[in-house]
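# Chains, contacts and geometry: an overview
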Amino acid sequence: MPILSLDKVVKRYPMGQTEVLALKGVSLTVEPGELLAFAGPSGSGKTTLLNIVGCLDQASEGEVILDGQRVNGLSAADLGRLRAEKVGFVFQSFNLIPVLSALENVELALRLGGQPPDRARAEQALVDVGLADQLHRRPNQLSGGQQQRVAIARALVKAPKLVIADEPTANLDSVNGAAVLDLMRKLNEERGATFLFSTHDNLVLSRVNRIVRLRDGEIVADERVSR
Amino acid sequence: MRSSFPLYENIAETAPVVKAINDAGYDAHPLIRVGVTVSAGEEIGEHFGLLLGAERSYYEDVMNLDEHIVEGAFFTPGEESTQVILGKTLATDVGAKLGEEVLFLGQTQDGSISPIKGVLVGIVDADDALSNRQAYASLERLRYLTDIPDGAIEVAVRVGDPARAPEVAAVLRESPALKPYLVQAWSERPLFATISDMTGLVYGVLAGSIVFITALGVLNTMLMSVLERTSEVGVLRALGMGRAAVVFLFVVEALVIGVLGALPGVVLGAIVSFFLERDGVEMGEKVSAQVSMPISTTFRADLSLEVTLISFALGLSMAALGALLPSIRAAGIQPVDAMRSHR
Ligand SMILES: Nc1ncnc2c1ncn2[C@@H]1O[C@H](COP(=O)(O)OP(=O)(O)OP(=O)(O)O)[C@@H](O)[C@H]1O
Ligand SMILES: [Mg+2]
């Protein structure tokens, strides 16, 4: 069973009197354990697509099925529950809570995901991303690469089926970007979690198993890369 | 020629009035207070003042005038009808010296000019502006000046506890001998009624403005705080936090800030009020001289537990109220905003 399937997904944004057609009927199937990147020029609809897949936003038309559950027509509260349970997010600008330590950021994600607080598990998640020595640092005491590792630990601690990362390397230099990607690739291989990226970055494209190219809200290419 | 109306309403015979009040168990003091010009020495000045005529017992027991003499002495017993005492301000204005003869020009009740004289024996400083601008003489001399041989303009009744005045007034009103007259407690007299209405209004406006400004301040602070944390809230929402939890978060934050603000505020205010109530602040003769009322020249606070608690509760509710709109706004932040907010 695919982890994700999209059928003729359309997304319109109202813009004053008219509307913007951000996605013009996207159909796509993703199998568990894939490491997939959406590529395409700015404005092609990558973020819009990831938001819909991650249950942050609803499609205007078409069908979205996530891990066997139909997402269309769910209430905002149900959508929130589904997202907390099944999806982990890694944001372009890390978006850690600045007043919390690395460990507390990871613990918070567990708790908001409806799971009992578990310090040992949160610590292990940080150890897995190579931050065993930085557990009690605040985000502003960490480098960009380290912050993004905390964000990855936060996304993975509740063992989500799907991890979504919108331009995860855009705010990192190439060395840190490569390290973060290698980490995600390793976690993908070891855990079997499905990863969906969006990117402009060739560094990312060289490390994924599948590249879906978008242009003006449509899929123009879908390549599998064997490594 | 007599005018058809007396210039001032008066009590033609005070004896039955005083008796009725005494029978009811209270002290009674006939008083005559009229406007006069005051002059001393050679020149006839243009100084206006109030001249009070009362019995010795009123000056001693009610006004405590004898204790406030700052120059000279109180009335010599038996010599009251030839002596006068001046308030400090009036004495300075007129330039009267002890032992000098002071001339008062007033009007009888039917309007003719009427003079009396007296030797200045003492000067008082009574801690209130009006008393310091008055002159004091015997009731007998004022009866002569106003041509009301057996009467007075009013009869003052002394009640131990000022708060009981309206109650006593109600009792006296029922006395047959007092039926023809207007019986009023001090708090019922038009001047005081107006003043207490006005202070009520001033308090209301003041409290209202403070509440408004506080709420506005909290509103502004919390709106900024929500705006600054749009992406943080977006992340919390993306991670599964519900709307109600977001509102709760910001209201709790506002309440904590409210307590942290209101607590020191109330404590500080209470300390300041405590000293203002105990010691007061002397406003000085200059300030009080602007006011034509018998008010103290010392400014005092009125501290009570009730007011303190109300202020604290008000501070907290303002914080909660000011936080409500921003919190609802925070709950409106969509999780997609976390994805889109590029720093
Ligand atoms: N909230 C919105 N309201 C209106 N239009 C929007 C909104 N979000 C996106 N769009 C429009 O939808 C289209 C796709 O935007 P999207 O952000 O998905 O592109 P993208 O591929 O992620 O671009 P980038 O590489 O710059 O991040 C664009 O034309 C954009 O202007
Ligand atoms: Mg984008």
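Residues numbered from 1 in each chain as written. Chains lettered and ligands numbered in written order. Predicted model: local features only at pLDDT ≥ 70, side-chain atom pairs only at ≥ 80, totals over all residues. Heavy atoms only, no water.

### Quick notes on the overall build of chain A
Looking only at helices and strands, chain A has 7 helices and 10 strands in total. Looking at chain A as a whole, 54% of its 227 residues qualify as buried. Taken as a whole, chain A presents about 9,600 Å² of accessible surface, with 47% of it coming from carbon and sulfur. (Helix = DSSP H or I, 4+ residues; strand = E, 2+ residues; numbered from the N terminus. Buried < 20%, exposed > 50% of the residue type's maximum accessible area, 1.4 Å probe, protein only. Areas by Shrake-Rupley, 256 points an atom, 1.4 Å probe, with all protein chains shown as cover.)

### Considering the sheet that holds strand E5 (residues 69-70) of chain A
By definition, the strands of a sheet pair up through backbone hydrogen bonds, in either a parallel or an antiparallel sense. Residue and element names in this part refer to chain A. Spatial strand order, E2-E1-E4-E5: 4 strands in an open sheet with antiparallel pairing. Two strands lie at the open edges of the sheet, namely strand E2 (18-30) and E5, each paired on one side alone. Across the face of the sheet, helix H1 (residues 46-53) comes into contact with strand E1 (4-15), E2 and strand E4 (61-66) while running at roughly 120 degrees to E1. (Pairing = 2+ DSSP bridges. Contact = heavy atoms within 4.5 Å. Axes fitted to C-alpha atoms, helices over the stretch in contact; angles between N-to-C directions.)

### Quick notes on a negative patch on the surface
There is a patch of like negative charges on the surface, built from Asp27(B), Asp61(B), Asp66(B) and Glu67(B). Given a relative accessible area of 40%, Asp61(B) falls into the partly exposed group. (Patch = residues over 30% accessible without salt bridge, like charges linked within 9 Å, V, L, I, M, F, W, Y side chains within 5 Å. Salt bridge = Lys/Arg side-chain N within 4 Å of Asp/Glu carboxyl O. Lys, Arg positive; Asp, Glu negative; His and termini not counted. Charge placed at Lys NZ, Arg CZ, Asp CG, Glu CD.)

### Re the sheet that holds strand E9 (residues 210-215) of chain A
Residues and elements named next belong to chain A. Here we have 6 strands laid out as an open sheet, ordered E6-E7-E8-E3-E9-E10, and mixed in their pairing. One side of each edge strand has no neighbouring strand; the edge strands of this open sheet are strand E6 (87-90) and strand E10 (218-224). On average, adjacent strands in this sheet sit at an angle of 20 degrees to one another, irrespective of strand direction. Across 5 bridges, the pairing between strand E3 (residues 35-39) and strand E8 (residues 194-199) is parallel. Note that in E8 the partner of Leu-36 across the bridge is Leu-196.

### Structural notes on the site of ligand 1
In the vicinity of ligand 1, 13 residues are found, and the nearest of them are Ser42(A), Gly43(A), Lys46(A), Thr47(A) and Thr48(A). Ligand 1 sits at the junction of chains A and B, each of which supplies nearby residues. The backbone of Gly43(A) places a nitrogen or oxygen atom 2.9 Å from an oxygen atom of ligand 1. Here Thr47(A) contributes a side-chain N or O atom positioned 2.7 Å from an oxygen atom of ligand 1. When ligand 1 is considered free in solution it has 630 Å² of accessible area, and contact with the protein chains removes 69% of it. Here the shell around ligand 1 gets 3 residues from one element, more than from any other, and that element is H1(A). Tallied by class, residues from the shell around ligand 1 come to 3 nonpolar, 7 polar and 3 charged. (Near = heavy atom within 4 Å. Polar contact = N/O pair within 3.5 Å; in protein donor to acceptor, adjacent residues only side chain to side chain. Nonpolar A, V, L, I, M, F, W, Y, C, P; charged D, E, K, R; others polar.)

### Looking at the pattern of salt bridges
Residues and elements named next belong to chain A. Taken as a whole and judged by the stated rule, the model has 26 salt bridges over all chains. Across the pair Glu-223 and Arg-213 runs a salt bridge, and its minimum N-O distance is 3.0 Å. With a gap of 10 residues between them, Glu-223 in strand E10 and Arg-213 in strand E9 connect regions that are remote in the sequence. Its relative accessible area of 30% is what places Arg-213 among the partly exposed residues. In this structure, a network of salt bridges that share partners links the residues Glu-34, Arg-210, Asp-222 and Arg-224.

### Points about the nonpolar core
The nonpolar side chains of a soluble globular protein tend to be buried with one another. Ranked by size, the top nonpolar core spans 89 residues in total, and within it Leu126(A), Leu196(A) and Phe197(A) carry the most contacts. For Leu126(A), the contacting residues outside a window of four places in its chain are Ala102(A), Leu103(A), Val106(A), Leu131(A), Ala132(A), Leu135(A), Val150(A) and Ala153(A). Counting 23 residues, the second-largest nonpolar core is a separate cluster that includes Ile32(B), Val84(B), Leu90(B) and Ala96(B). (Core = buried A, V, L, I, M, F, W, Y, C linked by side-chain atoms within 4.5 Å.)

### Examining helix H2 (residues 76-86) of chain A
Listing the buried residues of H2(A) in full gives Leu79(A), Gly80(A), Leu82(A), Arg83(A), Ala84(A) and Lys86(A). At its buried positions, H2(A) is contacted by E4, E5, E6, helix H3 (102-112) and strand E7 (162-166) of chain A together with helix H8 (230-238) of chain B.

### Observations concerning the confidence of the model for chain B
Fine structural detail should not be taken from predicted coordinates in areas where pLDDT scores are low. Confidence in the prediction for chain B averages 83 pLDDT; 91% of positions are at 70 or higher. In the model output, the complex is listed with pTM 0.64 alongside ipTM 0.86. (pLDDT = per-residue confidence, 0-100.)

### Concerning the packing of aromatic side chains
All names here are of chain B. Under the counting rule described, the total for this entry stands at 7 aromatic pairs over all chains. Ring centres 5.7 Å apart and planes at 35 degrees place the aromatic pair Tyr-59 and Phe-75 in the tilted group. Of this pair, Tyr-59 sits in helix H2 (residues 56-62) while Phe-75 sits in the loop between strand E3 (69-72) and strand E4 (83-87); the two residues are 16 residues apart in sequence, bridging distant segments of the chain. Assigned by exposure class, Tyr-59 and Phe-75 land together as buried. (Phe/Tyr/Trp six-rings, centres within 6.5 Å; stacked < 30°, edge-to-face > 60°.)

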